[in-house]
Amino acid sequence: MSSSTTARTPRRRTLRVALAALTVVAGLTLTACSGADASGTKPAGHAAAAGVQGSHAKAGTDAKAEGKAETNSDVEGEQSGGASDATGEADSPDNTVTLEDGSEAEIYDLGDQNYRARIVHDGEVLATLETKGQDDAAALNGMYVLLTMGGEVHSWMGGAQTGPGTFTLAGGWQAKVTKLGELHYRAEIIGHEGSVDATLEADEHDAGVDANGVSIVLTSGGEISAHE
């Protein structure tokens, strides 16, 4: 009996060990399969999401860039049109006059007896004159320029007299020049009968007038010159 019992016991232990081993192997196999599925599925899902996100991001960026480009184009167009409207100048001047020193006056008709003249020399704008209800003038390196309300430009060199004082001008006019302040002079243009027929005031900006065919310019430095 003892020997028979002893003989059976090892078989049962061996069987149990074998079953336990099979269970462990099966568990490991299931774990390996489950891990493989999880690791395989999860990265694939992330890759797909990343691809969609990247596609949307690129599309959004392109759309944003295109919108920005269109906006900039519109702004540039508006600015370009605004600049043209602000100056009131056409693509080309209505008239061009060669001045005494060889420079040119580009004249633009702005309407309502309003004219603008750009004094240009070698492509550089030296001065801009504009009539706004009265004649306008400038002194440029010894040359005097007058723009009238009729859109005419007159220029001449020299003949300046410096105030304060009373001076005889071309055409028999008298000019009484008074200093009012720094770069501020006034000239009363006196006719043959002693009456004041015009008054020029140069306050940091030259002034001028067409007096019955005689062009008169008063500078902010007190110089007065006339030409007929």
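All of these numbers come straight from a predicted model, not from anything done at the bench. Starting afresh in each chain, residues are numbered from 1 along the sequence in its written order. Note on the predicted model: pLDDT of at least 70 is required for a residue's local features to be given, and 80 or more for side-chain atom pairs to be given and counted; whole-chain, interface and lining totals, by contrast, use all residues. No hydrogens and no water enter the side-chain calculation; it runs on all heavy atoms of the structure.

Draft legend 1. Region of the structure containing the environment of Gly-163. Each helix is a run of DSSP H or I of at least 4 residues and each strand a run of E of at least 2, with the numbering of both proceeding from the N terminus. Structurally, the position occupied by Gly-163 is in the loop between strand S8 (161-162) and strand S9 (165-168). For the pair Gly-163 and Thr-178, spaced 15 residues apart in the sequence, the C-alpha separation amounts to 6.7 Å. The residues touching Gly-163, leaving out its near neighbours within four places in the chain, are Val-177, Tyr-185 and Gly-222. Throughout, a contact is declared for two residues whenever any of their heavy atoms are within 4.5 Å.

Draft legend 2. Structural view of the pattern of salt bridges. Here, a salt bridge means any side-chain nitrogen of Lys or Arg that lies within 4 Å of a carboxyl oxygen of Asp or Glu. In the structure shown here, the tally under the stated rule is 3 salt bridges. The partner of Glu-106 in a salt bridge is Arg-118, with the nearest N and O atoms 2.8 Å apart. Of this pair, Glu-106 sits in strand S2 (residues 104-111) while Arg-118 sits in strand S3 (residues 114-121); the two residues are 12 residues apart in sequence, bridging distant segments of the chain. One salt bridge in this structure joins Glu-201 and Arg-186, with 3.0 Å as the shortest N-O distance. A residue pair is termed long-range when its members are at least 10 positions apart, and Glu-201 in strand S12 (residues 196-203) and Arg-186 in strand S11 (residues 184-190) qualify at 15 residues. Accessibility expressed as a relative area gives 31% for Arg-186, which makes it partly exposed. The cut-offs for exposure are 20% and 50% of the maximum accessible area for each residue type, with area from a 1.4 Å probe on protein chains only; residues under the lower value are buried, those over the upper are exposed, and the others partly exposed.

Draft legend 3. Examining the layout of surface pockets more closely. Buried and open spaces are told apart on a 1 Å grid over the protein atoms alone, a cavity being a set of points where a 1.4 Å probe fits but cannot get out and a pocket being an open set with protein on both sides within 12 Å along at least five of seven lines. Residues with an atom within 4 Å of a point are the lining residues. Grid points are joined across faces, edges and corners, and a volume is the space filled by probe spheres set on the points. Taken as a whole, the largest pocket spans an internal volume of roughly 180 Å³. Every residue lining the largest pocket is listed: Gln-134, Asp-135, Asp-136, Ala-198, Thr-199, Leu-200, Glu-201, His-205, Asp-206, Ala-207, Gly-208 and Val-209. Taken together, the elements giving at least two residues each to the lining of the largest pocket come down to S12 and strand S13 (207-211). Per element, the largest residue contribution to the lining of the largest pocket is 4 residues, and it comes from S12. Gly is placed with the polar residues, together with every amino acid not listed as nonpolar (Ala, Val, Leu, Ile, Met, Phe, Trp, Tyr, Cys and Pro) or charged (Asp, Glu, Lys and Arg). Split by residue class, the lining of the largest pocket holds 4 nonpolar, 4 polar and 4 charged.

Draft legend 4. A look at the pairing of S13. Buried residues dominate S13, accounting for 4 of its 5 residues. Any two strands with at least two DSSP-identified bridges between them are counted as paired. Between the end of S13 and the start of strand S14 (residues 214-218), which pair antiparallel, lie 2 residues, with Asn-212 showing a positive phi angle near 55 degrees.

Draft legend 5. Representation of the side chain of Ser-220 in the model. Of note, Ser-220 is situated in the loop between S14 and strand S15 (223-227). A residue is classified by how much of its surface remains accessible, and Ser-220, at 14% relative accessible area, is buried. For Ser-220, the contacting residues outside a window of four places in its chain are Leu-183, His-184, Tyr-185, Ala-202, Glu-204, His-205 and Asp-206.

Draft legend 6. The arrangement of the confidence of the model for the chain in detail. Residues with a pLDDT of 70 or more make up 61% of the chain, whose mean pLDDT is 74. Scored below 50 in pLDDT, residues 1-88 makes 6 contacts in the model with residues more than four places away or belonging to other chains. What pLDDT reports is the predictor's confidence in each residue, on a scale of 0 through 100.

Draft legend 7. Representation of the sheet that holds strand S6 (residues 143-147) within the structure. Spatially, S5-S6-S7 is the arrangement adopted by the 3 strands of the open sheet, whose pairing is antiparallel. Two strands bound the open sheet, and with one partner strand each, they are strand S5 (136-140) and strand S7 (153-157). The mean angle between the axes of side-by-side strands here comes to 15 degrees, regardless of whether they run parallel or antiparallel. As paired elements, S5 and S6 share 5 bridges and run antiparallel to each other. The residue bridging Ala-137 from the neighbouring strand is Leu-146, located in S6. Comment: axis = line fitted to C-alpha atoms, over the contacting stretch for helices; angle = value between 0 and 180 degrees taken between N-to-C directions.

Draft legend 8. Expanded view of the sheet that holds S3. In space, the 4 strands of this open sheet follow the order S1-S2-S3-S4, with antiparallel pairing throughout. In the strand order of this sheet, the two ends are held by strand S1 (95-98) and strand S4 (124-130), each with one partner. Put simply, the sheet's adjacent strands are angled 25 degrees from each other on average, direction ignored. As paired strands, S3 and S4 are joined by 6 bridges and run antiparallel to one another. Across the sheet, residue Arg-116 finds its bridge partner in S4, namely Glu-130.

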